[in-house]
Amino acid sequence: LNKMPLKDEDLKAVAQFPNLRHLNLAFTQLTGTTLGELKSLQSLQSLSLAGTSVKAGDLAVLGSLPELSVLYLWNTAVSEQDKPALQQRFPRVHFEYGFK
């Protein structure tokens, strides 16, 4: 769904695919307020939210995803100060923040 005209309310439709393993929501119009809709994706291994308005606080709802191992977060509202706390909250997840 990379670069598609996807909005927060569209995550309800995405959540209907419980066997989804990789989800690319990069450069969509997501704000992060409805990320809780993805809790039904128990097989989700990687999630790209790059280029969205997602903030660090919005990611807390993803803690219930047992298979999540990679989160792509470059060009988001996640700040440098948020990164250590995110890594501590999700110790088994690799965060990809892009190239500096």
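Here, every reference points to the structure presented above.
Below or above, wherever it landed, is the structure these notes cover. The written sequence of each chain sets the order in which its residues are numbered from 1. A pLDDT threshold of at least 70 governs which residues receive local features in this predicted model, and a stricter bar of 80 or more applies before side-chain atom pairs are shown or counted, although totals over entire chains, interfaces and linings include all residues. Note: side-chain values were computed over all heavy atoms of the structure, leaving out hydrogens and water.

1. Quick word on the overall build of the protein chain
Okay, so step 1: For helices the rule is a DSSP run of H or I covering at least 4 residues; for strands it is a run of E covering at least 2, with both sets numbered from the N terminus onward. Scanning the protein chain from terminus to terminus reveals two helices and four strands.
Okay, so step 2: Going from the N terminus to the C terminus, the protein chain shows its helices and strands as α-β-β-β-α-β.
Okay, so step 3: On C-alpha atoms alone, the protein chain measures out to a radius of gyration of 12 Å, which is about the 13 Å that the 2.2 N^0.38 rule sets for 100 residues.
Okay, so step 4: Referenced to the eigenvectors of the C-alpha coordinate spread, the extents of the protein chain come out at roughly 35 × 25 × 20 Å.
Okay, so step 5: Exposure categories follow from relative accessible area, calculated using a 1.4 Å probe and restricted to protein chains: below 20% of the type maximum is buried, above 50% is exposed, and the middle band is partly exposed. Per-residue burial for the protein chain yields a buried fraction of 38% across its 100 residues.
Okay, so step 6: A separation of at least 24 residues holds for 50% of the contacts in the protein chain among residues at least 6 apart in sequence.
Okay, so step 7: Here the protein chain displays about 5,700 Å² of accessible surface, and carbon together with sulfur accounts for 53% of that area.
Okay, so step 8: Only four residue types enter the charge count: Lys and Arg as positive, Asp and Glu as negative, with His and the chain ends excluded. By convention, charge coordinates are those of NZ in Lys, CZ in Arg, CG in Asp, or CD in Glu. Of note, the protein chain has its 10 positive side-chain charges centred 2 Å away from the centre of its 9 negative side-chain charges. We compute the radius of gyration over the C-alpha atoms and compare it with the globule rule, which gives 2.2 Å times the number of residues raised to the power 0.38. Note on contacts: a residue pair is in contact if any heavy atoms of the two residues lie within 4.5 Å. Computed by Shrake-Rupley with a 1.4 Å probe, the accessible areas treat only the displayed protein chains as cover when residues are assessed.

2. Overview of the packing of aromatic side chains
Okay, so step 1: Pairs were defined over the aromatic rings of Phe, Tyr and Trp, the Trp ring being its six-membered one, requiring ring centres within 6.5 Å. Orientation was assigned from the angle between planes: stacked under 30 degrees, edge-to-face over 60, tilted for the rest. Going through the model one piece at a time under the given rule, you end up with three aromatic pairs.
Okay, so step 2: Linked through ring pairs, Phe-90, Phe-95 and Tyr-97 together constitute an aromatic cluster.
Okay, so step 3: Over a ring means this: the NZ of a Lys or the CZ of an Arg is within 6 Å of the ring centre and within 35 degrees of the ring normal. One residue, Lys-83, lies across the ring of Tyr-97, its end atom 4.2 Å from the ring centre.

3. Things to note about unusual backbone geometry
What is expected of a backbone is that most residues other than glycine have negative phi and most peptide bonds are trans.
Okay, so step 1: The backbone of Phe-27 shows a phi angle near 55°, a positive value even though the residue is not glycine.
Okay, so step 2: Of note in the backbone geometry, Asn-75 takes a positive phi value of approximately 55° without being a glycine.
Okay, so step 3: Tracing the sequence through the fold places Asn-75 in the loop between strand 3 (70-72) and helix 2 (83-89).
Okay, so step 4: For Asn-75, a relative accessible area of 57% puts it in the exposed group.

4. Considering the environment of Leu-1
Okay, so step 1: Examined against the element boundaries, Leu-1 turns out to sit in the segment before helix 1 (11-14).
Okay, so step 2: The spatial distance from the C-alpha of Leu-1 to the C-alpha of Lys-39 is 18 Å, given a sequence separation of 38 residues.
Okay, so step 3: Here Leu-1 is in contact with Leu-6, Val-14, Leu-23, Asn-24, Leu-25 and Thr-28, once residues within four sequence places are set aside.

5. Points about the sheet that holds strand 1 (residues 22-24)
As a general point, the strands of a sheet are linked pairwise by backbone hydrogen bonds and lie either parallel or antiparallel.
Okay, so step 1: Pairing between two strands requires that DSSP report at least two bridges joining them. Strands sit in the order 1-2-3-4 across an open sheet of four strands; the sheet is parallel. Each end of this open sheet is capped by a strand with a single partner; those strands are strand 1 and strand 4 (94-96). Pairs of neighbouring strands in the sheet enclose a mean axial angle of 10°, with direction left out of account.
Okay, so step 2: Note that strand 1 and strand 2 (residues 46-48) share three bridges and pair parallel. By the bridge assignment for strand 2, Asn-24 is matched with Ser-48. Orientation is described by axes fitted as lines to C-alpha atoms, over the contacting stretch for helices, and by angles from 0 to 180 degrees between their N-to-C directions.

Remember, this is a structural readout, not a statement about activity or role.
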